[in-house]
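Architecture and fold: a report
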Amino acid sequence: MHRWHSVMTAAALAAALTTTAAIAEDLTIGIAAPPTSIDPHFHNLGPNHQIAGHIFDALALKDEKQQIQPGLAVSWEVVDPTTWEFNLRKGVTFHDGSPFTAEDVAFTFERAPDVPNSPNPMSGYTKGIMELEIVDPHRIRIKTDGPYPMLINELSNVWVVSKKHGEGATTEDYMRGDAVIGTGPYKLVSFTPGDKIELERNDAYWGGVEPWENVTLRMIDSGPARVAALLAGDVDMIDDVPTSEIDRLRQDDNLDVWSGPSNRLVFVALDATEDALSTGMIRDHEGNVPSTNPLGDARVREALTRAIDKTVIAERVNQGHAIPINQIVPEGFVGYIPDYPLWTADPDAAKALLTEAGYPDGFQLTLVTSNDRITNAVKTVQAIAQMWTRIGVETEVETMPHSMFSPRRNGNELPVFFSSWGNLTGEASFFLGPLLHTKDKDKGLGGANRNRYSNPEVDSIVETVLNTLDIEERERLLQQAAQIVIEDYTLPTVVLQTVHWATRDGLRYSPRVDQYTFANHVRPVE
Amino acid sequence: MAGRQSSPILEVERLRTHFMTRAGIVKAVDDVSFAISAGEIMGLVGESGSGKSITGLSIMRLIDVPGRIVGGRIRFRGEDLAAAPEQRMRALRGSRIAMVFQDPLMTLNPLLRVGTQMAEAITAHNREVSRTEARARSRDALGRVGIPAPEERLDAFPHQLSGGMRQRVAIATAILNEPDLIIADEPTTALDVTIQAQILHEIRKLCRQTSTAMIWITHDFAVIAGLAGSISVMYAGRIVEQGHLDDILDRPLHPYTRGLIRSVPSRNRRGRPLHQIQGSPPNLLALPGGCAFRDRCPHTDDVCNAEPDLELVRAEQAARCFHPQLEALA
Amino acid sequence: MPKGVTKITAFIIRRLLQTVVVLIVMAFGVFVSVYAIGDPVDMLIDPAATEAQRLEAMRNLGLDRPLWEQFARFIAGAAQGDLGQSFVYKIPAIELILLRLPATIELTVAALILAVGIGIPAGILAGLYPSAWFSRTIMSVSILGFSLPSFWIALMLIMIFAVALGWLPSTGRGDVVTVFGVDWSFLTIDGLRHLVLPALSLSLIPMALMIRMARAGMREVWLTEYVKFARAKGLSPIRVIGLHAFPNTLIPIITVLGLELGSLLAGSIVTEVVFAWPGIGRLVIQSIGVLDRPVIVAYMLITVSLFILINLVVDLLYAVIDPRVGYGDARK
């Protein structure tokens, strides 16, 4: 928070000092992913959060490294293991001038999880709240069911709406714009679904006045069209720059490219169970169903992992726009193991491992991925397949649209697949819990565990971390679990995607790990 | 071959119309000459491919690419049509010279009413004529060609009329502006015999009444037997015989003409096989040198390897032949 | 009632009945296809969602029922005008489509006007003077229209006119004016500027088609007897071409135009995606990607209905233009 605050102050100061300033300047951004709704609680979807972040605030806000900073709550403390107390910011007003108080927070947390017909509700973020008590207009207390260390993290995804306007308002009212009243840096002017969103500056914003008087977010899904719009000057900035265009744009003197690591990494999943053999996608070197699953042997999995040349995949397949990674979270996230070696590819060692495990002639695999979700997915799996084939594991590749890939993967029909995972909380628990904990409906863990990995040691650490409030203890435990899963080689991570924005000359954007594009983080260059 | 009156209304002199096709030059009309006076009806007779239709179209200057008039003169009332500018031709077409085509179904535009198609022939040449007057004149013309209830016919579409009716409409359209010359290209070929006779009758009456000259193009001698005053017989793009109707019918000179006349069924005695000219019309792309009829003529000899000229054999009858047949036809 | 009116009414009623059958069969086809491809729920929920949340989502979307029941409910709703709610946007599918439809209609009509307004005169010219240099140029350009992929043409137009020359905007729809509750952008200058490139891009293929058809039709008609007869009457060339020749070329052209309009409506997808034009083509692509079934079905129903309506109008037009056609027959 502090850094952001100082940036805001500096900007406000600069704006005050320079008489002309950018007071009357407008900003147009071409964005790739269209939001589905302007109701901030309707659909838990990235693009929807991106829009909401312009108009609303949450109790806490995330900085570029996805770390929690104060937002509408200036401070909070854990009074006792099951009680959190939040001090709310004073002097904040909604866009209509009405004051922000604890009533609005209470209303928000009541409404958010229960929006009717939501395809993906916010209830996941409010499930920690057992009871909410309004102590005074600027102080609330929340009781949790047992220690709940992720509370502030989860609540940072729930945008605070005005009780006065939100009471009784349906999603339709939000879509029409009537109920879209927030405390954020911009006010909504119009929302044309699938086309554009127009915003105007909130001159009374608590975080300082923005340099942009009017902001237009144009939805341009085609990559080349976005680039063309920037080149033509129809937009000042674009996100999700196609990797093939980046070098060219960098060379253009009129444009700047801003790049940074994202929170999304890609990985290969290996199903080590015997049930995987029934899929027919694992075969012996003669093409028949083997008597036992070769992936069940840790040495085989290690061999496959060591065969992957992550540098090649980062440099060549992704044209330099990816970072090789071993770990399950990027650097700076909680659970990242400092000084853990990044292995280089070692096909000879891999072959030796295979022989040692009893597969001197190798075997056959089918590697599957979806072709319309992940950048360069098809090229990446083709490269991996070649690398595996070179060590004796003949691999063929199958790709399909996500709508077909997803049900097959979820039905455990794909024992070897390639996918990606974006870490939304900044913590390794977000990777371990859904992907690596044993699938457990009642505990709500392992919901995305598609390779049937089940390790009781990992399970117990994950469950302990759920209730550990001490941040240092969490870190230690998460690092421990991370090391176990990395060296179990069932979900080898490959590269971390980098994310790029391009602006016209004269603008600056600090790359965000969560890949959000916020107009209120675009700054003019002096 | 002058007509009965001394000053001809149309004089065609050595007309040549060639088609530059990709396969070669087709000399559709190659050295055709004749003259017609006011009120005279000339029959232009020949098989298909003889060049008779092209002759008519050449006079109207309606020859399209790849065809072109390459030589000769077409003097209409002293003016050379072959050299006239297109705008002048447009002024003449439909007003001084009119044309009637063979297939009446395709001659009339199926999408427009009869009245519209007739009135436009009037207004194209005289802007001041009012709609009512044009309609009235059209109605009169329809009456003169023998169409009953002409008022209703004006509002009809072509497909609502019979073949004979349609052809009468075409003729009525041709006479609307009282032209000096009508070129009729096989106008009754597509009609049945009784209608044919009626129309022939109407035409003859009209021409006599208005002194309109006419070129009647046909392949059938029987049709013009009772109609024309003079005849020109065409073969392979050239006129091979020319003269008065009676002379040609009784004492045709050219073997081709004799064959044509003998082929007319009514001339045949009952029970005998129909006469045919042996062989088939020549390929205009590969005309053999010399007399074009050589291969089909029963009287050929070596002389015929040279090209004969159209020469007077009798006082007012010419033939393009080295062996004109002088006896009367049996 | 006059005989003509009853004939027309019977014709139209017959057509409408056929339409309903077609629509039902087609809706069923879409249901089955979406079902066969995958699970819409997977596309919508958080990958980290629990099993309970997943089941809840399925219940919300009505996907926990057997397929035939889902279809029966859909038909029942459709009869009352309710085509279900978009799984993703949560507003009625019809409303979503109707929201985006005007943009597509604008684009399609503009493209058609360009295709007809430029294509037919160019084709007629090429047909009347086939060996002239401009005719050859026109024909060569028309071949390009057929052979170049529309995606490429669209991007090229953007690169030339928006990026290099800067004359026109590269993306999006312009300012709109609301008329009777519907937003139209062609009524503003800014809107027209945004409309030019996408409409041009979309019009090139039908334009090429119009050029070739008009040229072929013209050449054919020019050789007919009635055109010769019209010339023989001494009519001015304009009248001969305009009143006699051209109307007779129209019949095949109208047939093709009817089909083209339908496929333009449905196929403006590529153009809409490249130009970020907020129409139904772009919407349906996104919906297919996430298996938003109600939107896909609603889109198909509306598009097919429009198609059928257009063809009905074309058939009625024949009767107006060609007096030989009655109402019992289809095209002659």
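Everything numeric in this text was worked out from a predicted model, so none of it was measured.

Here we look at the overall build of chain B
The helix and strand inventory of chain B stands at 11 helices and 12 strands. In summary, chain B has a C-alpha radius of gyration of 20 Å against a globular reference of 20 Å for 330 residues, a match within 12%. When the backbone C-alpha atoms are referred to their principal axes, chain B occupies close to 65 × 50 × 40 Å. Within chain B, buried positions represent 52% of all 330 residues. Put simply, chain B shows about 14800 Å² of open surface, and 49% of that area lies on carbon and sulfur atoms. Taken as two groups, the 40 positive and 37 negative side-chain charges of chain B have centres that lie 2 Å from each other.

Notes on the overall build of chain C
In terms of regular secondary structure, chain C is built from 13 helices and two strands. Principal-axis analysis of the C-alpha atoms gives chain C an extent of 85 × 60 × 35 Å. Counting the 332 residues in chain C, one finds 51% classified as buried. Long-range pairs, those at least 24 residues apart, make up 71% of the contacts in chain C with a sequence separation of at least 6. As displayed, chain C has an accessible area near 14700 Å², and 72% of this comes from carbon and sulfur atoms.

Some words on the nonpolar core
Core analysis: the biggest nonpolar cluster contains 97 residues, and Leu10, Phe34, Ile215 and Phe221 of chain B have the highest contact counts within it. Every residue in contact with phenylalanine 34 of chain B, bar those within four places of it in the chain, is listed here: Leu10, Glu11, Val12, Met42, Thr55, Ile59, Ile215, Ser232, Ile239 and Gln242 of chain B.

Points about the sheet that holds strand β5 (residues 79–80) of chain B
All names here are of chain B. Read from one edge to the other, the open sheet built from four strands follows the order β2-β1-β4-β5, with strand pairing classed as antiparallel. Every interior strand has two partners, whereas the edge strands, β2 (24–37) and β5, have only one. As paired elements, strand β1 (residues 8–21) and β2 share 10 bridges and run antiparallel to each other. Considered in β2, the bridge of glutamate 11 is made with alanine 35. Sheet strands touched by helix α1 (residues 52–59): β1, β2 and β4 (67–76). Its angle to β1, the strand with the most contacts, is close to 110°.

Some words on the arrangement of the chains
The interface with the most contacts, out of two pairs of chains in contact, is the one formed by chains A and C. These two, chain A and chain B, are apart from each other, with no contact and a minimum C-alpha gap of 48 Å.

Digging into the packing of aromatic side chains
All names here are of chain A. Per the counting criterion, the structure on display carries 22 aromatic pairs over all chains. Taking 5.6 Å as the distance between ring centres and 55° as the angle between the ring planes, the aromatic pair formed by tyrosine 516 and phenylalanine 518 counts as tilted. Of the two residues, tyrosine 516 and phenylalanine 518, both sit in the buried class. One aromatic cluster in this structure is built from Trp76, Trp84 and Phe86. The ring of tryptophan 343 has arginine 306 sitting right over it, with the charged end atom 4.9 Å from the ring centre.

Some words on the domain arrangement of chain B
Residues and elements named next belong to chain B. Here chain B is partitioned into domain 1 (10–96 + 180–319) and domain 2 (108–178). Each of domain 1 and domain 2 has a C-alpha centre, and these two points are 29 Å apart. Listed as interface residues are 17 residues of domain 1 and, on the opposing side, 12 residues of domain 2. Each partner contributes to the roughly 1200 Å² buried at the junction of domain 1 and domain 2, and carbon and sulfur atoms together form 58% of this total.

Let's talk about the interface of chain B and chain C
In this complex, chain B contributes 29 residues to the contact, which on the side of chain C involves 21 residues. Taking both sides of the interface into account, the surface hidden between chain B and chain C amounts to around 2300 Å²; carbon and sulfur atoms contribute 63%. Considering only the side of chain B, the residues that lose the most area to chain C are Arg90, Leu111 and Glu120 of chain B, jointly responsible for 25% of the buried surface there. Here chain B and chain C share three salt bridges between them. The salt bridge partner of lysine 233 of chain C is glutamate 120 of chain B, with a shortest N-O separation of 3.2 Å. For the side of chain B that touches chain C, the element with the most residues is helix α4 (residues 114–123) of chain B, which contributes four residues. Its residues assigned to classes, the side of chain B that touches chain C shows 15 nonpolar, nine polar and five charged.

Describing the pairing of strand β10 (residues 238–244) of chain B
Residues and elements named next belong to chain B. Burial analysis of β10 places six of its seven residues in the buried class, which makes it a mostly covered element. Pairing analysis gives six bridges linking strand β9 (residues 230–235) to β10, with the strands arranged antiparallel. Of the residues in β10, the one forming a bridge with serine 230 is histidine 244. Turn length for the β9-β10 hairpin, with the two strands adjacent in sequence and antiparallel, is two residues, and the turn residue alanine 236 shows positive phi of about 50°. Where β10 lies against strand β12 (residues 317–319), three bridges are found, and the strand directions are antiparallel.

Notes on the sheet that holds strand β7 (residues 139–144) of chain A
Residues and elements named next belong to chain A. If you walk across this open sheet you meet the four strands as β4-β5-β7-β6, and the pairing is antiparallel. Of all the strands in the sheet, the pair left with one neighbour each is β4 (73–80) and β6 (129–136). Along the sheet, successive strands turn relative to each other by an average axial angle of 20°, direction set aside. Pairing of β4 with strand β5 (residues 83–88), which is carried by six bridges, proceeds in the antiparallel orientation. Residue pairing in the sheet places glutamate 77 in a bridge with glutamate 85 of β5.

Remarks on unusual backbone geometry
Of the consecutive residues valine 65 of chain B and proline 66 of chain B, the connecting peptide bond is found in the cis state with omega at 10°. Of note, proline 66 of chain B is situated in the loop between α1 and β4. Of note in the backbone geometry, glutamine 319 of chain A takes a positive phi value of approximately 50° without being a glycine. Here glutamine 319 of chain A is to be found in the loop between α11 (310–317) and β14 (322–324).

Structural notes on a nonpolar patch on the surface
Residues Trp152, Met156, Ile160, Leu165 and Trp167 of chain C make up a contiguous nonpolar surface patch of roughly 510 Å² in combined accessible area. Tracing the chain through its elements places leucine 165 of chain C in the loop between α7 (150–164) and β1 (177–179).

Some words on the confidence of the model for chain B
All names here are of chain B. Across chain B, pLDDT averages 85, with 97% of residues at or above 70. At the level of individual helices and strands, chain B shows its lowest average pLDDT in helix α3 (residues 104–107), which scores 76, and its highest in α1, which scores 92. The low-confidence segment residues 1–5 (pLDDT under 50) makes 12 contacts with residues lying over four places distant or belonging to another chain.

Notes on the interface of chain A and chain C
Taken together, the contacts link 44 residues of chain A with 44 residues of chain C. Of the roughly 3500 Å² buried between chain A and chain C on both sides combined, carbon and sulfur atoms contribute 56%. When the shortest N-O distance is used, the salt bridge between arginine 282 of chain C and aspartate 221 of chain A registers 2.6 Å. The interface formed by chain A and chain C includes four residue pairs in polar contact (both at pLDDT 80 or more). Elements with a minimum of two residues in the side of chain A that touches chain C: α4 (123–126), β10 (212–219), α8 (223–232), α14 (402–410) and α15 (429–436) of chain A. Tallied by class, the residues present in the side of chain A that touches chain C amount to 19 nonpolar, 16 polar and nine charged.

A closer look at the packing of α4 of chain B against helix α7 (residues 163–175) of chain B
When two helices pack together, their arrangement is given by the angle between their axes and by how far apart the axes lie. All names here are of chain B. Contact pair α4 / α7: the axes reach a minimum separation of 9 Å and the direction vectors enclose 20°. When the axes of α4 and α7 are compared, the pair comes out roughly parallel. Seen along the crossing, α4 lies across α7 with a hand that is right-handed. Each of Val114, Gln117, Met118 and Ala121 in α4 lies in contact with α7, whose residues at this interface are Val169, Ala172 and Thr173.

Section: the pairing of strand β8 (residues 186–192) of chain A
Residues and elements named next belong to chain A. In this structure, β8 lies alongside strand β9 (residues 196–201), joined through six bridges in antiparallel fashion. Bridge pairing in β9 links leucine 188 to leucine 199. Where β8 hands over to β9, the hairpin turn is made up of three residues, of which glycine 194 adopts a positive phi near 80°.

What to know about the side chain of threonine 369 of chain A
Residue and element names in this part refer to chain A. Relative to the elements of secondary structure, threonine 369 occurs in strand β15 (residues 363–370). Under the relative-accessibility criterion, threonine 369 is labelled buried at 0%. Reaching out from threonine 369, the side chain makes a polar contact with the backbone oxygen of phenylalanine 418 at a distance of 3.2 Å. In this structure, threonine 369 is in contact with Ala377, Val381, Glu398, Thr399, Met400, Phe405 and Phe418, ignoring residues within four places of it in sequence.

What counts, and where the lines are drawn
- Residues numbered from 1 in each chain as written.
- Chains lettered and ligands numbered in written order.
- Predicted model: local features only at pLDDT ≥ 70, side-chain atom pairs only at ≥ 80, totals over all residues.
- Heavy atoms only, no water.
- Helix = DSSP H or I, 4+ residues; strand = E, 2+ residues; numbered from the N terminus.
- Rg over C-alpha atoms; globule rule 2.2 N^0.38 Å.
- Buried < 20%, exposed > 50% of the residue type's maximum accessible area, 1.4 Å probe, protein only.
- Areas by Shrake-Rupley, 256 points an atom, 1.4 Å probe, with all protein chains shown as cover.
- Lys, Arg positive; Asp, Glu negative; His and termini not counted.
- Charge placed at Lys NZ, Arg CZ, Asp CG, Glu CD.
- Contact = heavy atoms within 4.5 Å.
- Core = buried A, V, L, I, M, F, W, Y, C linked by side-chain atoms within 4.5 Å.
- Pairing = 2+ DSSP bridges.
- Axes fitted to C-alpha atoms, helices over the stretch in contact; angles between N-to-C directions.
- Phe/Tyr/Trp six-rings, centres within 6.5 Å; stacked < 30°, edge-to-face > 60°.
- Lys NZ or Arg CZ within 6 Å of the ring centre and 35° of its normal.
- Domains from an automatic or database assignment.
- Buried area = accessible area lost by both parts, 1.4 Å probe.
- Salt bridge = Lys/Arg side-chain N within 4 Å of Asp/Glu carboxyl O.
- Nonpolar A, V, L, I, M, F, W, Y, C, P; charged D, E, K, R; others polar.
- Patch = residues over 30% accessible without salt bridge, like charges linked within 9 Å, V, L, I, M, F, W, Y side chains within 5 Å.
- pLDDT = per-residue confidence, 0-100.
- Polar contact = N/O pair within 3.5 Å; in protein donor to acceptor, adjacent residues only side chain to side chain.
- Parallel < 35°, antiparallel > 145°, perpendicular 65-115°, else oblique.
- Left-handed = near helix turned anticlockwise from the far one by under 90°.

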